[in-house]
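As a plain string of letters, each chain reads:
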Amino acid sequence: MKQNGKKQIDLADYLGVSKQVISKMLTGGRMINAIELQKISEFLGTSMENLVKRPEVFQETNAIKAFMGKVETQEARDGLGIADEIANLICFYARTRENAEEMMKPWEA
């Protein structure tokens, strides 16, 4: 989107969804279906194949790990490591809770 000078809110308006939904799509928190992918490719003026191909060079998306190389002291690295572990625990708890709530729903025969 940066290459095309477009913003998340523009894409949200085009798809008819909220900016929060777009944010979740871009961060992997929400799956993108084929119809949405086609609309996104039209919005960006590119092919669907171009949107789903894997980059040759993979960038680190974990903010803690990406930042780890920029700190100078071992104490700071240890602190970032602890923050990463806490974040992982929070995410694990949230996913577990969502799964438990889903499993508690009555089954339909």
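Residues numbered from 1 in each chain as written. Predicted model: local features only at pLDDT ≥ 70, side-chain atom pairs only at ≥ 80, totals over all residues. Heavy atoms only, no water.

Draft legend 1. Representation of the overall build of the chain within the structure. The helix and strand inventory of the chain stands at 6 helices and 0 strands. Tracing the chain from N to C terminus, the helices and strands come up as α-α-α-α-α-α. Within the structure as shown, the chain displays about 9,500 Å² of accessible surface, and the carbon and sulfur contribution to it stands at 56%. (Helix = DSSP H or I, 4+ residues; strand = E, 2+ residues; numbered from the N terminus. Areas by Shrake-Rupley, 256 points an atom, 1.4 Å probe, with all protein chains shown as cover.)

Draft legend 2. Broad picture of the packing of aromatic side chains. By the definition in use, this model includes 1 aromatic pair. Judged by centre distance (5.2 Å) and plane angle (45 degrees), the rings of Tyr 14 and Phe 43 are tilted. Placement of Tyr 14 in helix α1 (residues 8-15) and of Phe 43 in helix α3 (residues 34-44) is noted, with a sequence separation of 29 residues between them. Residue classification places Tyr 14 among the partly exposed residues on the basis of a relative accessible area of 41%. Judged by relative accessible area, which is 10%, Phe 43 ranks as buried. (Phe/Tyr/Trp six-rings, centres within 6.5 Å; stacked < 30°, edge-to-face > 60°. Buried < 20%, exposed > 50% of the residue type's maximum accessible area, 1.4 Å probe, protein only.)

Draft legend 3. Examining a nonpolar patch on the surface more closely. The grouping of Ile 82, Ile 86 and Ile 90 at the surface amounts to a nonpolar patch, some 290 Å² of accessible area in total. Within the secondary structure layout, Ile 86 lies in helix α6 (residues 74-103). (Patch = residues over 30% accessible without salt bridge, like charges linked within 9 Å, V, L, I, M, F, W, Y side chains within 5 Å. Salt bridge = Lys/Arg side-chain N within 4 Å of Asp/Glu carboxyl O.)

Draft legend 4. Region of the structure containing α1. Within α1, the full set of buried residues consists of Leu 11, Ala 12 and Leu 15. Projected down its long axis, α1 shows its buried positions confined to an angular sector of 105 degrees, all on one face. For α1, the elements touching its buried residues are α2 (19-27) and α3. Where α1 terminates, the next one or two residues include Gly 16, which has phi positive at roughly 75 degrees. (Arc of directions from axis to C-beta. Contact = heavy atoms within 4.5 Å.)

Draft legend 5. Focus on the environment of Ala 34. Structurally, the position occupied by Ala 34 is in helix α3. For Ala 34 and Met 48, which are 14 residues apart along the polypeptide, the C-alpha to C-alpha distance reads 9.0 Å.

Draft legend 6. Representation of the packing of α1 against α2. Relative to each other, α1 and α2 sit at 110 degrees, their axes nearing to 8 Å. Taken together, α1 and α2 sit at an angle that is classed as roughly perpendicular. Between α1 and α2, the contacting residues are Gln 8, Ile 9, Leu 11, Ala 12 and Leu 15 on the first element and Lys 19, Ile 22, Ser 23 and Leu 26 on the second. Of the residues in the contact of α1 with α2, the class split is 6 nonpolar, 2 polar and 1 charged. (Axes fitted to C-alpha atoms, helices over the stretch in contact; angles between N-to-C directions. Parallel < 35°, antiparallel > 145°, perpendicular 65-115°, else oblique. Nonpolar A, V, L, I, M, F, W, Y, C, P; charged D, E, K, R; others polar.)

Draft legend 7. Structural context of the pattern of salt bridges. The tally for this structure, following the rule as stated, stands at 1 salt bridge. Residue Arg 30 is joined to Glu 36 by a salt bridge in which the shortest nitrogen-to-oxygen separation is 3.0 Å. Using a relative accessible area of 12% as the deciding quantity, one classes Glu 36 as buried.

Draft legend 8. How the structure looks around α3. Among the residues of α3, Glu 36, Leu 37, Ile 40, Ser 41, Phe 43 and Leu 44 are the ones counted as buried. Seen along its axis, α3 keeps its buried residues to an arc of 160 degrees; they face one direction. Among the exposed residues of α3, those pointing more than 90 degrees away from its buried face are Ala 34 and Ile 35. Where α3 begins, the capping side chain belongs to Asn 33, and its oxygen is found 3.1 Å from the backbone nitrogen of Ile 35. Trailing α3 by a residue or two, Gly 45 shows a phi angle of about 70 degrees, which is positive. (Polar contact = N/O pair within 3.5 Å; in protein donor to acceptor, adjacent residues only side chain to side chain.)

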